[in-house]
Protein chains: 2
Amino acid sequence: MASQGTERVSSQQLSERLDLSAAQIRKDLAQLGELGIRGVGYDIAGLVERLTKVLRLDQGYRMVVVGMGNLGRALSAYFGFNHGAFVVVAGVDPDPEKFGLDVGGFTVRPLEDLAQIVRDEGVDLGVLAVPASAAQESYDRLVAAGVRGVLNFAPAQVQAVPQAPLKSVDLRIYLEELVFSLPEDAEPDSSSISTE
Amino acid sequence: MASQGTERVSSQQLSERLDLSAAQIRKDLAQLGELGIRGVGYDIAGLVERLTKVLRLDQGYRMVVVGMGNLGRALSAYFGFNHGAFVVVAGVDPDPEKFGLDVGGFTVRPLEDLAQIVRDEGVDLGVLAVPASAAQESYDRLVAAGVRGVLNFAPAQVQAVPQAPLKSVDLRIYLEELVFSLPEDAEPDSSSISTE
DNA sequence: AAGACTTTGTGAAGGATGTCACAAGGTACC
DNA sequence: GGTACCTTGTGACATCCTTCACAAAGTCTT
């Protein structure tokens, strides 16, 4: 909305866009202070500014991607092209054949250089795009190198420490959620689920 | 657990693994019928079987990936290697330079062939790995071709029809959630959030 | 400037969700 | 077989979250 030049928005309009009730939106936004003006609505620029600050997106975050396979390269491109608060500054891999490979923006460097890269580049966050078997070790390396948080795409249980929060994203879950939301075409045994 | 040969599990053990209360797990599982045995716990094989059925993962799902850029290829590999309920059977792209490109398992085909591919290959689901600007059109094409559901990775608002549910995954959200969970090192203006 | 119309912020009510605690049912060991 | 010990399933309770409804506050038109 802001990029389209709109100046104001009502909770009613937001509710339609976000598929929430208008009351819900007002309650939520009121938590951040009195952002709206009665009879008028919310100032979009003001909302963006306040939310950006509350979500801590008013500062930049520098990231390193661990694992430069298909997923690692895809994530680098996905996050790297972003002109927002996030920028991928480096990618590492244990495979020597990948060293020096250009992935648009930077070249792949050895996993061993991780600590040095984090220090030199001022890296804040790590992204795990490694096989499940290497997830825990990679997380530990990132923490030892000094990152403040880690986003994990490996389907593995990783034990985290409080100094470096871990957020895991298992893409298969979304496929499972999707098939569960599918309209069921004549599935007779579903009656046992929806008991009262 | 099943692949490790464990036979039984208690709600207590599950609660530690899943970071939920034991009572919560019992309440949830009890919804699916009396799966456990008092004094013993839950039979893992039985749980897996019941959950697989309830989540509708007892049937296979064939998928086509639209957009064979970095992300499309990564997702194909990610989902395709999966020996579970999901398998990627084809990938399409509008760019003629990509036609015939081998991405492990299949070769990239023209976007125009989509309808035919869905018909011939018995495709159930579509995966959108296209730029945001092409998301809506790609969704419409998938629906016209006859898929039953779509998983969208483009950061765009896509209007869906009830016959083909849409699930959108915006990877940037997870970065934002991660930074929000970061321990705040001396942020003085956060006091206005946690009022009372 | 007065009245009709909007739209926010918010107490109160209602609904949904999670926790507690215990009876019922099962195992294991002597 | 009896006793001590587990563990599930579940009503009752507590807590959290959402919706409702309306006063307060602003705009616009005449």
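What you see is a predicted model, and the numbers here were worked out from it, not measured in a lab.

Before going further, it helps to examine the overall build of chain A. Counting its secondary structure elements, chain A contains seven helices and nine strands. What you see for chain A is a C-alpha radius of gyration of 22 Å, clearly larger than the 16 Å of a compact globule of 196 residues, by over 25%. For chain A, the spread of C-alpha atoms along the three principal axes comes to 60 × 50 × 30 Å. Counting only residues that meet the buried cut, chain A has 40% of its 196 residues in that class. Charge separation in chain A, taken as the distance between the mean sites of 17 positive and 27 negative side-chain charges, equals 10 Å.

Where helix 4 (residues 70–80) of chain A meets helix 4 (residues 70–80) of chain B, the closest approach of the two axes is 8 Å, and the angle between their N-to-C directions is 145°. Crossing of helix 4 of chain A over helix 4 of chain B shows left-handed handedness. Along the contact surface, helix 4 of chain A presents Asn70, Leu71, Arg73, Ala74, Ala77 and Tyr78 of chain A, while helix 4 of chain B presents Asn70, Leu71, Arg73, Ala74, Ala77 and Tyr78 of chain B. By residue class, the composition of the contact of helix 4 of chain A with helix 4 of chain B is eight nonpolar, two polar and two charged.

A word on the domain arrangement of chain A. As a measure of interface size, the accessible area lost when the parts come together is often cited. Along its sequence, chain A is carved into domain 1 (8–54) and domain 2 (61–173). Placing the centre of domain 1 of chain A and that of domain 2 of chain A at their C-alpha centroids yields a distance of 35 Å.

Residue and element names in this part refer to chain B. Where burial is concerned, the two faces of strand 8 (residues 149–152) agree: the one with Gly149 and Leu151 and the one with Val150 and Asn152 are both buried. Bridging between strand 7 (residues 125–128) and strand 8 involves four bridges; their strand directions are parallel. In the strand pairing of strand 8, glycine 126 is matched with valine 150. Assessed by its sense of winding, the connection that carries the chain from strand 7 through helix 6 (residues 135–145) to strand 8 is right-handed. Where strand 8 lies against strand 9 (residues 166–168), three bridges are found, and the strand directions are parallel. When the bridges of strand 9 are listed, valine 150 appears paired with leucine 166.

Here we take up the relation of the copies chain B and chain A. Mapping between the two copies of the chain is achieved by a rotation about an axis and a shift along the axis. You can overlay chain B on chain A at an RMSD of 0.1 Å; the transform is a turn of 180° with a shift of 0.0 Å along its axis. Considering both components of the superposition, the chain copies are consistent with a two-fold axis. Looking at the rotation axis and the C-alpha trace of chain B, the residue lying nearest is alanine 74 of chain B, at 3.2 Å. A shared binding surface is used by both copies, with 100% of the interface residues of chain B retained as interface residues in chain A.

Counting residues at the interface gives 52 residues for chain B, matched by 53 residues for chain A. A combined buried area of about 4900 Å² lies between chain B and chain A, and 64% of that area is made up of carbon and sulfur atoms. Three residues stand out in chain B for area buried against chain A, namely Arg56, Tyr78 and Leu175 of chain B, and they jointly supply 15% of the buried area on that side. The tally of links between chain B and chain A comes to two salt bridges. When the shortest N-O distance is used, the salt bridge between glutamate 177 of chain B and lysine 167 of chain A registers 2.8 Å. Counting only elements with at least two residues in the side of chain B that touches chain A, the list comes to helix 3 (44–54), strand 4 (61–66), helix 4, strand 8 and helix 7 (171–181) of chain B.

What follows is about helix 4 of chain A. For helix 4 of chain A, the tally of buried residues reaches eight of eleven residues, placing the bulk of the element in the interior. Turning to helix 4 of chain A, the residues buried within the fold contact strand 4 (61–66), strand 5 (86–93), strand 7 (125–128) and strand 8 (149–152) of chain A together with helix 4 and helix 7 of chain B.

Here we come to the packing of aromatic side chains. Residues and elements named next belong to chain B. Applying the stated rule across the entire model yields five aromatic pairs over all chains. For the pair tyrosine 61 and phenylalanine 86, a centre-to-centre distance of 5.5 Å together with 25° between the ring planes defines the contact as stacked. With tyrosine 61 in strand 4 and phenylalanine 86 in strand 5 (residues 86–93), this pair connects stretches of sequence that are 25 residues apart. Since its relative accessible area comes to 2%, tyrosine 61 is described here as buried. Assessed through its relative accessible area of 3%, phenylalanine 86 is described here as buried.

A few words now on the pairing of strand 5 of chain B. Residue and element names in this part refer to chain B. For strand 5, the tally of buried residues reaches seven of eight residues, placing the bulk of the element in the interior. Here strand 4 pairs with strand 5 via six bridges, running parallel. Opposite arginine 62, over in strand 5, you have valine 87 as the bridge partner. As defined by bridge partners, strand 5 adjoins strand 6 (residues 108–110) across three bridges and the pair is classed as parallel. Among the inter-strand pairings, aspartate 93 is bridged to a residue of strand 6, identified as proline 110.

We now examine the side chain of aspartate 93 of chain B. Relative to the elements of secondary structure, aspartate 93 of chain B occurs in strand 5. A polar contact is formed between the side chain of aspartate 93 of chain B and the backbone nitrogen of aspartate 95 of chain B, at a distance of 2.9 Å.

Should the charged atoms of two oppositely charged side chains come close, the side chains can pair. Residue and element names in this part refer to chain A. Scanning all chains against the criterion turns up 14 salt bridges over all chains. A salt bridge links aspartate 93 to lysine 98; its shortest N-O distance comes to 3.8 Å. Note on aspartate 93: relative accessible area 5%, which makes it buried. Connected via shared salt-bridge partners are Asp93, Asp95 and Lys98.

Rules behind the numbers
Residues numbered from 1 in each chain as written. Chains lettered and ligands numbered in written order. Predicted model: local features only at pLDDT ≥ 70, side-chain atom pairs only at ≥ 80, totals over all residues. Heavy atoms only, no water. Helix = DSSP H or I, 4+ residues; strand = E, 2+ residues; numbered from the N terminus. Rg over C-alpha atoms; globule rule 2.2 N^0.38 Å. Buried < 20%, exposed > 50% of the residue type's maximum accessible area, 1.4 Å probe, protein only. Lys, Arg positive; Asp, Glu negative; His and termini not counted. Charge placed at Lys NZ, Arg CZ, Asp CG, Glu CD. Axes fitted to C-alpha atoms, helices over the stretch in contact; angles between N-to-C directions. Left-handed = near helix turned anticlockwise from the far one by under 90°. Contact = heavy atoms within 4.5 Å. Nonpolar A, V, L, I, M, F, W, Y, C, P; charged D, E, K, R; others polar. Domains from an automatic or database assignment. Pairing = 2+ DSSP bridges. Right-handed = clockwise from strand over helix to strand, strands pointing away. Least-squares fit on C-alpha atoms with pLDDT ≥ 70 in both. Buried area = accessible area lost by both parts, 1.4 Å probe. Salt bridge = Lys/Arg side-chain N within 4 Å of Asp/Glu carboxyl O. Phe/Tyr/Trp six-rings, centres within 6.5 Å; stacked < 30°, edge-to-face > 60°. Polar contact = N/O pair within 3.5 Å; in protein donor to acceptor, adjacent residues only side chain to side chain.

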